[in-house]
Amino acid sequence: MVRRGILIVLAGLAGGMLLASAGSAQLVDGTLLTAPVATPDATVQKSLADQIGAGQGDVSTPGSSIFIIKRDPFRSIRRGRQLFQRKFSVSEGFGPRTGDGVGDITADGSIGAGLVDSCAGCHGRPRGSAGAGGNVHTRPDSRDAPHLFGLGLMEMLADEITQDLRAIRAAAVSEAQLNGVPVTKPLTSKGIHYGSITGLPDGSADASQVEGVNPDLRVRPFFAQGGTISIREFVVGALNAEMGLEAPDPLVSAAAAGAVVTTPSGMVLDGTADAIEGAPVAPGVDGDGDGVVDEIDPALVDHLEFYLLNYFKPGLGRQTNATRKGRQRMEQFGCTTCHIPDLVIERDRRVADVETVFDPVNGVFNQLFATATPLFVEVGGDSDSDSDLPSLKLPAGGSFVVKNFFADLKRHDLGPAFWERNFDGTIQKEFITEPLWGVGSTAPYGHDGRSINLRQVILRHGGEAQAARDAFAGAPEVQQQQLIAFLESLVLFPPDDTASNLNPGDPTDPLFPQSGHGNIALGVLFNDPSDPE
């Protein structure tokens, strides 16, 4: 039996049930505390062993990560969130940083990555979110940690563009071999132009006219220079470099060795076509010498990857005449040449979408209200061979319009003011276009945090963006203010403090706003909402 997944709005549930899904930035493991606390919702309520459960398993192994992702997906998202906020201990493998600070930083920038005991230590603002806030010394002039809102949408867009570009290359080569002459085709995907590719009769391709992406045509959406393909590689790498937590993940290791694997979140890692970043160590190996092996079980990587795939996209703050005109100024000044407003995903791998907008009536605490919408199909019932198990809840795989994204997933040279020194003396000149969603909440600006406000970072543009920068600089002050007002309305938000159709809140609560402020209460969507994470 197949039926559309329906998100049940449980606004009438008792306050205790709703509070079970509350939380805060950076959480201690409540199972390790030696005295009870009055606010268990402000802790991780499962031990690390319980979060690992039955390991990776499969769809028929209760308690395994794959079982939970496929049959209880909102629990997996919440578990990933709790892992993201969890403060790891030394006994669990936390630290040291790469080489404990000793080594050749010109060859391995992670020596300067710093050391935090929680993912939220670098990505924690606004409170309780996978936001921004960290800074690392992986480059001489530092790098700021970007927010991770909408990360799954970025991964899917980049992967679909890559497949389109490579299909064009294959067609050019095929035609060249058939006709015996070179064939040049424009590289265009989702309305974005990446130069051109020439197929040659010998079966090779000339990529000398490719623009904004490597000659292999793989769009790498993560890191300012465009360095990493997938969320899973990002998670495994960051756990090691920023937290000293080694994840001997078999999937990235297999792909790095040339295999083709599909992660539990549906991302295909093709080691035959791409250079995949492998795991830092093999299973059973103590790579950092701290006496702990197998520090991060692959099941935990599964939940973190699924959490970030489904993570909320940024919100849209209050819209006024000024912001609406500011949106028009983006077009007028030429900003949208690179900061493309909306892009379409053809096959969405998420199980839900959350739309967060300004709502002074229903946004009882911060004037924002979030509406969750299902994107899954439910497969199960009498026809399920595992009819005694919960039904499968699988991504519907439909198309999705990514609105207010404002990026083109291409690398550009924005001139010397954005160039970056490397420890080996070289200069990084090209950077992938930063999506503008959430930009109103993420000062200071630039990959290095050297621009303290929006006006400064706009005026810092040069190179390929010189004309747009000059159009802004030469515009009347009122038009400049309109554009800035629009950018300031592209906001991040604290999920634990934002009312939603899952928990609209109750401002008449006598303890408001410490309670009753509402939140995006994923716990009410668990198969068993009484079992908190």
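See the structure above.
Rules used throughout
- Residues numbered from 1 in each chain as written.
- Predicted model: local features only at pLDDT ≥ 70, side-chain atom pairs only at ≥ 80, totals over all residues.
- Heavy atoms only, no water.
- Core = buried A, V, L, I, M, F, W, Y, C linked by side-chain atoms within 4.5 Å.
- Buried < 20%, exposed > 50% of the residue type's maximum accessible area, 1.4 Å probe, protein only.
- 1 Å grid on protein atoms, 1.4 Å probe; cavity = no way out; pocket = protein on both sides within 12 Å on 5 of 7 lines; lining within 4 Å.
- Points joined across faces, edges and corners; volume = space filled by probe spheres on them.
- Helix = DSSP H or I, 4+ residues; strand = E, 2+ residues; numbered from the N terminus.
- Nonpolar A, V, L, I, M, F, W, Y, C, P; charged D, E, K, R; others polar.
- Axes fitted to C-alpha atoms, helices over the stretch in contact; angles between N-to-C directions.
- Parallel < 35°, antiparallel > 145°, perpendicular 65-115°, else oblique.
- Contact = heavy atoms within 4.5 Å.
- Phe/Tyr/Trp six-rings, centres within 6.5 Å; stacked < 30°, edge-to-face > 60°.

(A) Here's a closer look at the nonpolar core. Counting residues in hydrophobic clusters, the biggest one holds 84 residues, and the most contacted among them are Phe74, Tyr194, Leu308, Phe405 and Leu409. Membership of the second largest hydrophobic core comes to 20 residues, among which are Met330, Val439, Leu483 and Phe486.

(B) View of empty space enclosed by the protein. What the rule picks out here adds up to 4 cavities of 30 Å³ or more. For the largest cavity, the calculated volume is near 130 Å³. Together, 15 residues line the largest cavity, and Asn310, Phe312, Ala352, Val354 and Leu522 are the ones closest to its centre. Put simply, the parts of the chain that give the lining of the largest cavity at least two residues each are helix 4 (73-85) and strand 13 (352-358). Per-element tally for the lining of the largest cavity: the top contributor is strand 13, with 3 residues. For the lining of the largest cavity, the per-class residue count stands at 11 nonpolar, 1 polar and 3 charged. Its boundaries defined by the atoms lining it, the second largest cavity holds a volume of some 100 Å³. If you trace the second largest cavity, you find it lined by Ile77, Arg78, Arg81, Gly128, Tyr307, Tyr311, Phe312, Pro495, Asp496, Ile520 and Leu522.

(C) Up close: the packing of helix 4 against helix 8 (residues 298-309). Orientation of helix 4 relative to helix 8, taken along the N-to-C sense of each, is 105°, at an axis distance of 7 Å. With respect to each other, helix 4 and helix 8 are oriented roughly perpendicular. For the pair helix 4 and helix 8, the contacting residues are Pro73, Ser76, Ile77, Arg79, Gly80, Arg81, Leu83 and Phe84 in the first and Leu300, His303, Leu304, Phe306, Tyr307 and Leu308 in the second.

(D) Quick look at the packing of aromatic side chains. Summed over all chains, the structure comprises 12 aromatic pairs. When the centroid spacing of 4.9 Å and the interplanar angle of 50° are considered together, the rings of Tyr311 and Phe312 count as tilted. Grouping residues by exposure puts Tyr311 and Phe312 together as buried. Where Phe312 meets Phe493, the ring centres are 6.1 Å apart and the plane angle is 40°; that geometry is what we call tilted. Residue Phe312 is found in the loop between helix 8 and strand 11 (315-316), and its partner Phe493 is found in the loop between strand 22 (490-491) and strand 23 (499-500); the two are separated by 181 residues along the sequence. Residues Phe312 and Phe493 agree in their burial class; the two are buried.

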